Amino acid sequence: MTLHVIAVYHNTDSRFLPYQPGHTLTQVISHWRHLPDTATPQHTADWIYTLFNVDLDTLEANRAAPHGEADFLIACTYRLLRLRSLSTGDVVAVTARGDTTWMACEFVGWKPIDTPTLLTGAPLTAAGVEQQLRRDRRA
C-alpha cells in the first residue's frame, strides 16, 4: 500500500468546459488514503470523481466493505462543505511516492496536464471546517 494525497481543484473560470492552461483553480478539499501500489493516478481520479458524484445512499450501502466507511465519510465531508459536483474542467492532483500527477476532468476520462500556475485555496484543515460551520450558523 502507498500513501496517496488527492487534492481536488474546482475550475473557477470555466465550469463544464475543458480545462485550459491559465484557468484559475481553487483547491476545495484534500484526502489522504493508502491505496494499492498498483493504483494509477487515473484510477485514483476516477475513484474520487465517483465518490464526489454518486448518491450517498449507494456509498452508505457499502460501508461494511473494505474502505467503504472511509469512502462514505469523505463523500459526506465533501457534501457537508457544500461543494458542488466534480465536473468537466476541474482538476485533480494525485501525489504518491513524492511524484505529483495533475489531471483535468474531461467530458470522458482524464487528461494529464502540466502543473497549473493559477492556484488558490488550501487543503482540508480543521480550521477550514470550523470556518464553514460558523458561516452555516450565521445563515
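First things first, this report covers the structure right here in the doc. Fair warning: this is a prediction, and the values are worked out from it, not measured in the lab. Within each chain, residue numbers correspond to sequence positions counted from 1 in written order. This being a predicted model, a pLDDT of at least 70 is required before a residue's local features are given, and a value of 80 or more before pairs of side-chain atoms are given or counted; all residues contribute to the totals for chains, interfaces and linings. Processing note: side-chain calculations cover all non-hydrogen atoms of the structure and skip hydrogens and water entirely.

Here's the deal with the overall build of the protein
Argument step 1. Secondary structure summary: the protein contains four helices and six strands in total.
Argument step 2. Each helix is a run of H or I in the DSSP string that is no shorter than four residues. Each strand is a run of E no shorter than two, and both are numbered from the N terminus. Along the protein, helices and strands appear, N-terminal first, in the series β-β-α-α-α-β-β-β-β-α.
Argument step 3. Our radius of gyration is a C-alpha quantity, and the globule rule it is checked against amounts to 2.2 Å times the number of residues to the power 0.38. The C-alpha radius of gyration of the protein comes to 15 Å, within 12% of the 14 Å expected for a compact globule of 139 residues.
Argument step 4. In terms of its C-alpha atoms, the protein occupies a principal-axis envelope of roughly 40 × 35 × 30 Å.
Argument step 5. Sequence separation of at least 24 residues holds for 63% of the intrachain contacts in the protein that already meet a minimum separation of 6.
Argument step 6. Surface exposure of the protein reaches about 7800 Å², of which carbon and sulfur atoms provide 57%.
Argument step 7. When charges are counted, Lys and Arg are positive and Asp and Glu negative, with His and the chain ends excluded. Each charge is placed at NZ for Lys, CZ for Arg, CG for Asp and CD for Glu. Treating the 12 positive side-chain charges of the protein as one cloud and the 14 negative ones as another, the clouds have centres 8 Å apart. Note on contacts: a residue pair is in contact if any heavy atoms of the two residues lie within 4.5 Å. Computed with a 1.4 Å probe, the accessible areas rest on the Shrake-Rupley method; for each residue, only the protein chains presented here act as cover.

Quick word on the pairing of strand β2 (residues 25-35)
Argument step 1. Working definition: with a 1.4 Å probe on protein chains only, accessible area under 20% of the residue-type maximum means buried, over 50% means exposed, and in between means partly exposed. The element β2 is extensively covered by neighbouring structure, given that eight of its 11 residues are classed as buried.
Argument step 2. Note on pairing: two strands pair once DSSP finds at least 2 bridges between them. Bridge analysis of strand β1 (residues 2-11) against β2 gives 10 bridges, and the strand direction is antiparallel. Looking across to β2, one finds that N11 is bridged to L25.
Argument step 3. Both β2 and strand β6 (residues 119-121) contribute to a ladder of three bridges, which runs parallel. When the bridges of β6 are listed, T26 appears paired with T120.

Quick look at the pairing of β1
Argument step 1. When you tally the buried positions in β1, you get eight out of 10 residues, the bulk of the element.
Argument step 2. In the sheet, β1 pairs with strand β3 (residues 91-96) via six bridges, with the strands oriented antiparallel. Its bridge partner lying in β3, V5 is registered against T95.

Things to note about the environment of L119
Argument step 1. With respect to the helices, strands and loops of the structure, L119 is situated in strand β6.
Argument step 2. With 85 residues separating them in the primary sequence, L119 and H34 have C-alpha atoms 25 Å apart.
Argument step 3. Ignoring any residue separated from it by four or fewer positions in sequence, one finds L119 in contact with Y9, L25 and W102.

Some words on helix α1 (residues 41-51)
Argument step 1. Burial in α1 covers these residues: T44, A45, W47, I48 and L51. Buried residues of α1 fall within an arc of 160° about the axis and therefore sit on the same side. By construction, the arc corresponds to the directions joining the helix axis to the C-beta atoms.

Let's talk about unusual backbone geometry
Argument step 1. Even without a glycine there, the phi angle at F16 is positive, about 75°.
Argument step 2. Mapped onto the fold, F16 is located in the loop between β1 and β2.
Argument step 3. Note on F16: relative accessible area 46%, which makes it partly exposed.

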